[in-house]
Amino acid sequence: MSFKKIEAIIRSEKLEEVRIALEAEGFVGMTVTEVKGRGTQKGIVLEWRAGEYRVEFLPKLKVEVIVDDFDCERAISAIEKSARTGQPGDGKIFVSPVENIIRVRTGERGDKAI
Amino acid sequence: MSFKKIEAIIRSEKLEEVRIALEAEGFVGMTVTEVKGRGTQKGIVLEWRAGEYRVEFLPKLKVEVIVDDFDCERAISAIEKSARTGQPGDGKIFVSPVENIIRVRTGERGDKAI
Amino acid sequence: MSFKKIEAIIRSEKLEEVRIALEAEGFVGMTVTEVKGRGTQKGIVLEWRAGEYRVEFLPKLKVEVIVDDFDCERAISAIEKSARTGQPGDGKIFVSPVENIIRVRTGERGDKAI
Amino acid sequence: MINAGDTAWVLISTALVIMMTPALGFFYAGMVRRKNILSTLMLSVSILALISVQWVLYGYSLSFGTDHAGLIGGLNWLGLNGVGQEANAGYAATIPHLAFMVFQLAFAVITPALITGAFVERISFGSFLLYILLWSTFVYAPVAHWVWGIGGWLRNMGALDFAGGTVVHITAGISALSMAMVIGKRKGYGKTPMEPSNIPLTVLGAFLLWFGWFGFNGGSALAANGLAVSAFVVTNTAAASAALAWMVVSWIHKRPSVLGLATGAVVGLVAITPASGFVSPLSAIVIGAVAAVISYYAILIRTKSGLDDSLDVFACHGMGGIFGALATGLFAEKAINSAGADGLFFGNPGLFGIQAFTVAVVALFAFIVSFILAKVIDAIFSLRAKEAEENIGLDIAQHGETAFS
Amino acid sequence: MINAGDTAWVLISTALVIMMTPALGFFYAGMVRRKNILSTLMLSVSILALISVQWVLYGYSLSFGTDHAGLIGGLNWLGLNGVGQEANAGYAATIPHLAFMVFQLAFAVITPALITGAFVERISFGSFLLYILLWSTFVYAPVAHWVWGIGGWLRNMGALDFAGGTVVHITAGISALSMAMVIGKRKGYGKTPMEPSNIPLTVLGAFLLWFGWFGFNGGSALAANGLAVSAFVVTNTAAASAALAWMVVSWIHKRPSVLGLATGAVVGLVAITPASGFVSPLSAIVIGAVAAVISYYAILIRTKSGLDDSLDVFACHGMGGIFGALATGLFAEKAINSAGADGLFFGNPGLFGIQAFTVAVVALFAFIVSFILAKVIDAIFSLRAKEAEENIGLDIAQHGETAFS
Amino acid sequence: MINAGDTAWVLISTALVIMMTPALGFFYAGMVRRKNILSTLMLSVSILALISVQWVLYGYSLSFGTDHAGLIGGLNWLGLNGVGQEANAGYAATIPHLAFMVFQLAFAVITPALITGAFVERISFGSFLLYILLWSTFVYAPVAHWVWGIGGWLRNMGALDFAGGTVVHITAGISALSMAMVIGKRKGYGKTPMEPSNIPLTVLGAFLLWFGWFGFNGGSALAANGLAVSAFVVTNTAAASAALAWMVVSWIHKRPSVLGLATGAVVGLVAITPASGFVSPLSAIVIGAVAAVISYYAILIRTKSGLDDSLDVFACHGMGGIFGALATGLFAEKAINSAGADGLFFGNPGLFGIQAFTVAVVALFAFIVSFILAKVIDAIFSLRAKEAEENIGLDIAQHGETAFS
Ligand SMILES: Nc1ncnc2c1ncn2[C@@H]1O[C@H](COP(=O)(O)OP(=O)(O)O)[C@@H](O)[C@H]1O
Ligand SMILES: Nc1ncnc2c1ncn2[C@@H]1O[C@H](COP(=O)(O)OP(=O)(O)O)[C@@H](O)[C@H]1O
Ligand SMILES: Nc1ncnc2c1ncn2[C@@H]1O[C@H](COP(=O)(O)OP(=O)(O)O)[C@@H](O)[C@H]1O
């Protein structure tokens, strides 16, 4: 019994496409968080009343999907394709181990809870 | 030295009950994030000016508690019981490994930092 | 190929110092989330119209940095130093394993994607 | 004869007072939890819709129509029949009768809206609408008639209520008390904090209320004359003085908050309302400051009592209104308003007696009738939203919307 | 002779109506996605800046200057030359000519702002400013002249439009329709939900609109007299009645939302606008309620049609304005306004014919001209923001700012 | 003789100007970081409370009481003794003296509130209240007397300041400068971005200011006459023109933001203030546009200078006020206001000299006194919040509350 957490930082405007791509692959469950991030795309210049100022963090969304080990690659590639624009700031996907899953409603664990 | 991160996605209105249940078991420290999620409970229908529209994501809370390995089950069951309503949308608990903990204030690590 | 996720819960007002400290060590990429937390510092007393009330959770920021295994300690100590005030509520750092990283823009994986 | 200046002043005052009901909605909405912001707003604005129509159909007639035994107005002005563009000299000789009617409408609207603070976050919306309709008919209309209607028995007795301390704030504050008793506490009340979720909204509401109150009190002169100006001045003065006093008291306790200052301002406005056409600016400073201290401690006591009058309608409007009505009996001066009377401090203890009697009668009447209405509706339809609705929040559960996405 | 009371009333009415344009901005901004809140606000407030200057320079003259063949005003008042502190008896005998001018300015500003609801979240800001300038010149100015200008052909024919049902709401609603057709749907429209991101902002806007509308309709009497009061009263009544009706209809469908109630109120205000100087409060109840039902179903139909008139300017303002103009032909009474006419229900079918004809002519004219303007600007500059801008959101992309940090 | 129309206009104008102080609070609060929203709001609204009482007790008397040597008013109107419902013909012959008093109160309140933009996010609340009280006594009262009081030496010299360019905006802008110098930069200023956290709040504040400014300038005619209308019209025109100019300049730089447009509008309103009773609409277009360009570059320069006048009170109000006062010396026309004077462009260079002299004297006086006050308070109590309070944010640290939960 082993699962993966796929954590994708994506552009806010890509959420719908990612959701649809994941759903098409059968991944319905997911959790989304509003985050701020920086990376290659270092920040953004905004307008002050006169002149500009630089903000170091950009609004992004973090999409978390917990999947079975063997579904992992399928989910990753669904996200990759739907989130890509080719410009800096497309985001990253992090994969990490999850040891157990519990469905609160029923108390089911592991595979059955996903 | 080994720890677990217990990540529970719960109904927003259950936070207080979960907090109290965890505290009763001796788990004081925790971190809460506002998230949006979907799963079995696929979305919700809201009112537009006239007629309705469907929103794919529902507001949820993510509660994170980092615990010692051997405390893990106790914490999980405290959350499970306090977060349950029996209706779809009660949420999930994900358990994953944490390798180290550092208390920023003191620089303590591991067990002492929890 | 192995990475670490460094998850630091810090005081909101410390973000800039932490960002600068991390950048000085060469860590540009990071993701920040607004969270609410409790721990040793159990809550805070706020003013109601007359009298006070106690709130159980305090606003904090969660800073996530994914790094190469061997960079981990450097990143941790950068955060530790920059986030410390010495008062309860300075926060915690949690370290956990990350198995893979994908850069959405290019599809690069692992080391190259960080 | 219609005077354009007086008409302009009463019209703009009316617009201001009508605007106060949504402003009150914001004032209240900012103090509830995020999941109930819209439902709290909805309570106030739906009353604006409902009572605006009710008033035109029969409310005005019941309150101000031809007197029956000093107790209630007749049905002669149903549907505003006979209420036209000419003046009604009995009520206001220099403005169209319709202007007087619509000015009064604004008061009939905001009064029940004040009560909503007592039962936010748990009321069943349908029962609520019914309650408001009945309350306006069986509490507001009679009391308005007694105090303001030509032939009203309290008016004839010499009770002074320039802009609604008794008619508006006492009826609302007392009815809030009875409602809080009948509907019961919010789930988790006293155990988990019920944080105000949007204080800027509350502050916006409070200062729109302050702004609108110039129409409330100043407009009650029903003319753009010296009396209107005097009422305007003491309104601002009492609000400021109460805000300062609240700030000082909470600072002594611990820290001065903007939520406190805003609350203090509203309490000062409440307290000066009945007195605004009769007292001097220096008296207004005293009235505002004392009212603030009274309401501050009233909230502290109420909080400890365990009664969930959620937004302290009784402590703010009930106590403020009662104190203001009594203060009128102390500080009123014929030098300010020759149509008024002198109060205790100006050599006429009789007025204080009349004011105290009026307060007691109206408070008792409002309590009994509003309590019965609440109990009856609760028994038949349940006043309270279902537990699951309360858990999820009324915004989604009853209105199908969320404040912010 | 200048009358101070009338002048005070028209000035404060003007201030209220000018305030309505930012209020409309808030009303609209709360209904778009968070990434476009500021750009939506910007559309309204930049029109306030642009048309305030345009009106002074030439807009007023074109609309109200010396008539040419009933079709357009002359250039005699360019730069407000000759428009001074004395009255212009033809337009308003008791207030300074400048007061009439600036009251009209407020209408010239808000009318194009209404249209913006049709193309939020995807308009190119530069093309937008050009469109507005041309629209004000080629649609608003002529129609205002026809209906309100001395010598205007529709005015001469006896068309009644007390406060702008035809001039304001029909022109705006119809032009919104043509704009929505030309600019096309938002990306993802119909597939992904376009959630309103800040309903409190929308409610704030709606009730500031309600507040301002007292100046809009009441001020249109151009004096603080019985007619102003009558217009004021029916305005409030129709708004309330429409809000209630909307609440009931959506409750029957499913649940009453505050967003719905606010929309209903605005629709009621729209519908009463042309009729406000001619009808009784009881008629206003009917007008408001019927308008609400019409617009409610118009939104449902529009939604299904796939046309992305994003904030339903046509369904609310177009349909509301058309219905209001026709209702004026039904419910008008000389008993309310002797300078008006009786409508169908008061024995004069002729008025209804004139109103229907006016509606048809103005709707047709507005549609054709606004369609051509949109097409031409689109061909030369593109009306639409770049796809990447639309994706990121116009706040950051076009204005370099985010609503909340 | 009291005129009802004039009284109505001055009362509603007063209500509008009083509302402007909370509006200013919102304007400012939206531009600070989220942790200081409420404390920023608190600065403005606590001034409304404090100075409303101070003005009644002694501020009005000091400013407008019987003249002493052209320098200060007497104590004859302490506690508003002798300020009643009859007119004071010297100040305003057709409205109650109390109306003039309360109209002036609104100006005495908003002026110090303007300064708060200089020291948001780091001020110690207690020291702040003390500063404001002293500032109102030692800066505002004398300058108001010099320029507006009967017998005031600058008034006698022929200085023109219709609605407060000198008395309000120059004193506030210059004192902001000295305050920014004494209190020092916010921690992290120049290193980390100080993002505006709630631009919709700022836009709301800005357009409520615009709305209120009709009372500010229009009401300064102290009557509902042609002059009031003229002032009203140029107010709107200058605001619009400045907003447009700001938009164009920032577009040339990069992108037009709604924050910029709102700032531009406020600057236009500032600049037209002293001139509003003396100039034509076409002059207003020029005044607004030039003021916008000046303040735009003043902000850019200030930003580079490293001085943390956080919300650019000097660049907006100081520069806007100075330019407006000088522009009055250029554009004033006796044809607009026979009680005024002609300016340089209308053949009278003398006026420009007087205006320039007045600006210099008032700026110098305000700077010196406000600097001394700031230094003294700083030495005794520290003007600045503790470092830990500044880090956590003043909302929680000083007021025990958070804007949003
Ligand atoms: N090392 C990292 N740790 C945590 N989050 C990161 C890291 N690198 C990037 N991110 C997140 O991914 C987002 C996109 O990264 P960025 O480097 O800008 O794009 P790209 O990968 O296309 O170059 C960032 O805004 C940040 O939220
Ligand atoms: N596979 C998943 N990955 C990440 N989050 C999930 C996943 N499945 C569910 N969730 C989260 O759990 C919440 C509740 O799940 P849901 O399936 O609706 O409830 P239930 O488990 O009671 O059927 C969702 O809103 C979502 O936030
Ligand atoms: N066991 C835990 N699990 C998850 N988060 C925790 C835990 N303990 C502390 N935290 C987070 O760290 C923050 C700071 O912890 P706290 O104990 O108050 O400070 P300190 O470590 O300085 O004593 C908390 O607000 C909470 O967000």
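Preceding this section is the structure that the text describes.
To start, this report covers the structure provided alongside it. (Residues numbered from 1 in each chain as written. Chains lettered and ligands numbered in written order. Predicted model: local features only at pLDDT ≥ 70, side-chain atom pairs only at ≥ 80, totals over all residues. Heavy atoms only, no water.)

Describing the site of ligand 3
Working step 1: Inspection of the region around ligand 3 gives 21 residues, with B:Thr31, B:Ile66, B:Arg105, C:Thr40 and C:Gly89 positioned closest.
Working step 2: Bordering ligand 3 are residues originating from chains B and C.
Working step 3: Note that an oxygen atom of ligand 3 is positioned 2.7 Å from one of the side-chain N or O atoms of B:Arg105.
Working step 4: Relative to its unbound accessible surface of 550 Å², ligand 3 loses 98% to contact with the protein.
Working step 5: Among the secondary structure elements, those contributing two or more residues to the shell around ligand 3 are strand E2 (30-38) and strand E5 (58-68) of chain B together with strand E2 (30-38) and strand E6 (92-98) of chain C.
Working step 6: It is E5(B) that provides the largest number of residues to the shell around ligand 3, a total of three residues.
Working step 7: Here the shell around ligand 3 is built from residues that sort into six nonpolar, eight polar and seven charged. (Near = heavy atom within 4 Å. Polar contact = N/O pair within 3.5 Å; in protein donor to acceptor, adjacent residues only side chain to side chain. Areas by Shrake-Rupley, 256 points an atom, 1.4 Å probe, with all protein chains shown as cover. Helix = DSSP H or I, 4+ residues; strand = E, 2+ residues; numbered from the N terminus. Nonpolar A, V, L, I, M, F, W, Y, C, P; charged D, E, K, R; others polar.)

Overview of unusual backbone geometry
Residues and elements named next belong to chain E.
Working step 1: The backbone of Asp 312 sits at a positive phi, close to 55°, despite the residue not being glycine.
Working step 2: Following the sequence through the fold, Asp 312 ends up in the loop between helix H10 (281-305) and helix H11 (313-331).
Working step 3: Of note in this structure, Ser 382 is not a glycine but carries a positive phi near 70°.
Working step 4: Within the fold, Ser 382 resides in the loop between helix H12 (349-381) and helix H13 (387-392).
Working step 5: By relative accessible area, Ser 382 is classed as partly exposed at 27%. (Buried < 20%, exposed > 50% of the residue type's maximum accessible area, 1.4 Å probe, protein only.)

Re the pattern of salt bridges
Working step 1: Counted according to the given criterion, the structure contains 84 salt bridges over all chains.
Working step 2: One salt bridge connects A:Glu56 with C:Arg19, and the closest N-O pair in it is separated by 3.8 Å. Placement of A:Glu56 in the loop between strand E4 (52-55) and strand E5 (58-68) and of C:Arg19 in helix H1 (residues 15-24) is noted, with the two residues assigned to different chains.
Working step 3: Taking relative accessible area as the criterion, A:Glu56 reaches 14% and is therefore assigned buried.
Working step 4: Between E:Arg186 and E:Asp308 there is a salt bridge, with the nearest N and O atoms lying 3.0 Å from each other. Of the two residues, E:Arg186 sits in the loop between helix H6 (165-183) and helix H7 (199-218) while E:Asp308 sits in the loop between H10 and H11, which places them 122 residues apart along the sequence.
Working step 5: On the accessibility criterion, E:Arg186 (6% relative accessible area) is buried. (Salt bridge = Lys/Arg side-chain N within 4 Å of Asp/Glu carboxyl O.)

Structural notes on the relation of the copies chain D and chain E
Working step 1: You can overlay chain D on chain E at an RMSD of 0.0 Å; the transform is a turn of 120° with a shift of 0.0 Å along its axis. Here the copies are linked by what is in effect a three-fold axis. For chain D, the residue whose C-alpha comes nearest the rotation axis is D:Gly5, separated from it by 2.1 Å.
Working step 2: Comparing contact sets, just 10% of the residues at the interface of chain D also lie at the interface in chain E, consistent with a heterologous contact between different surfaces. (Least-squares fit on C-alpha atoms with pLDDT ≥ 70 in both. Contact = heavy atoms within 4.5 Å.)

So, the interface of chain D and chain B
Working step 1: If you look at the interface, chain D gives twelve residues, while chain B gives eight residues.
Working step 2: Summed over both partners, the interface of chain D with chain B comes to about 730 Å²; 58% of that surface belongs to carbon and sulfur atoms.
Working step 3: When the buried area of chain D at its contact with chain B is split by residue, D:Thr192, D:Ile396 and D:Gly400 rank highest and sum to 42% of it.
Working step 4: For the pair chain D and chain B, the number of links is one salt bridge.
Working step 5: The salt bridge partner of D:Arg34 is B:Glu34, with a shortest N-O separation of 2.5 Å.
Working step 6: Joining chain D to chain B, the criterion identifies two residue pairs in polar contact (both at pLDDT 80 or more).
Working step 7: Listing elements by their share of the side of chain D that touches chain B, those giving two or more residues are helix H13 (387-392) and helix H14 (394-399) of chain D.
Working step 8: Split by residue class, the side of chain D that touches chain B holds three nonpolar, five polar and four charged. (Buried area = accessible area lost by both parts, 1.4 Å probe.)

Details of the pairing of strand E3 (residues 44-47) of chain A
Residue and element names in this part refer to chain A.
Working step 1: In this structure, E3 lies alongside E4, joined through four bridges in antiparallel fashion. The residue of E4 that forms the bridge with Val 45 is Arg 54.
Working step 2: If you look at the hairpin formed by E3 and E4, you'll find four residues sitting between the two strands, and Gly 51 has a positive phi there, around 80°. (Pairing = 2+ DSSP bridges.)

Some points on a nonpolar patch on the surface
Residues and elements named next belong to chain D.
Working step 1: Where nonpolar side chains cluster on the molecular surface, the patch consists of Leu 130, Leu 364, Ile 368, Ile 372, Val 376, Ile 380 and Phe 381 and spans about 670 Å² of accessible area.
Working step 2: Among the elements that make up the nonpolar patch, the one with the highest residue count is helix H12 (residues 349-381) (six residues).
Working step 3: As for its position among the elements, Phe 381 is in helix H12. (Patch = residues over 30% accessible without salt bridge, like charges linked within 9 Å, V, L, I, M, F, W, Y side chains within 5 Å.)

What about the site of ligand 1?
Working step 1: Inspection of the region around ligand 1 gives 21 residues, with A:Thr40, A:Gly89, C:Thr31, C:Ile66 and C:Arg105 positioned closest.
Working step 2: Around ligand 1, the nearby residues trace back to chains A and C.
Working step 3: Here an oxygen atom of ligand 1 sits 2.4 Å away from a polar atom, N or O, in the side chain of A:Thr40.
Working step 4: At a separation of 2.7 Å, an oxygen atom of ligand 1 approaches a polar side-chain atom of C:Arg105.
Working step 5: Burial of ligand 1 by the protein chains amounts to 98% of its free accessible area of 550 Å².
Working step 6: Among the secondary structure elements, those contributing two or more residues to the shell around ligand 1 are strand E2 (30-38) and strand E6 (92-98) of chain A together with E2 and strand E5 (58-68) of chain C.
Working step 7: No other element matches E5(C), which puts three residues into the shell around ligand 1.
Working step 8: For the shell around ligand 1, the residue count by class is six nonpolar, eight polar and seven charged.

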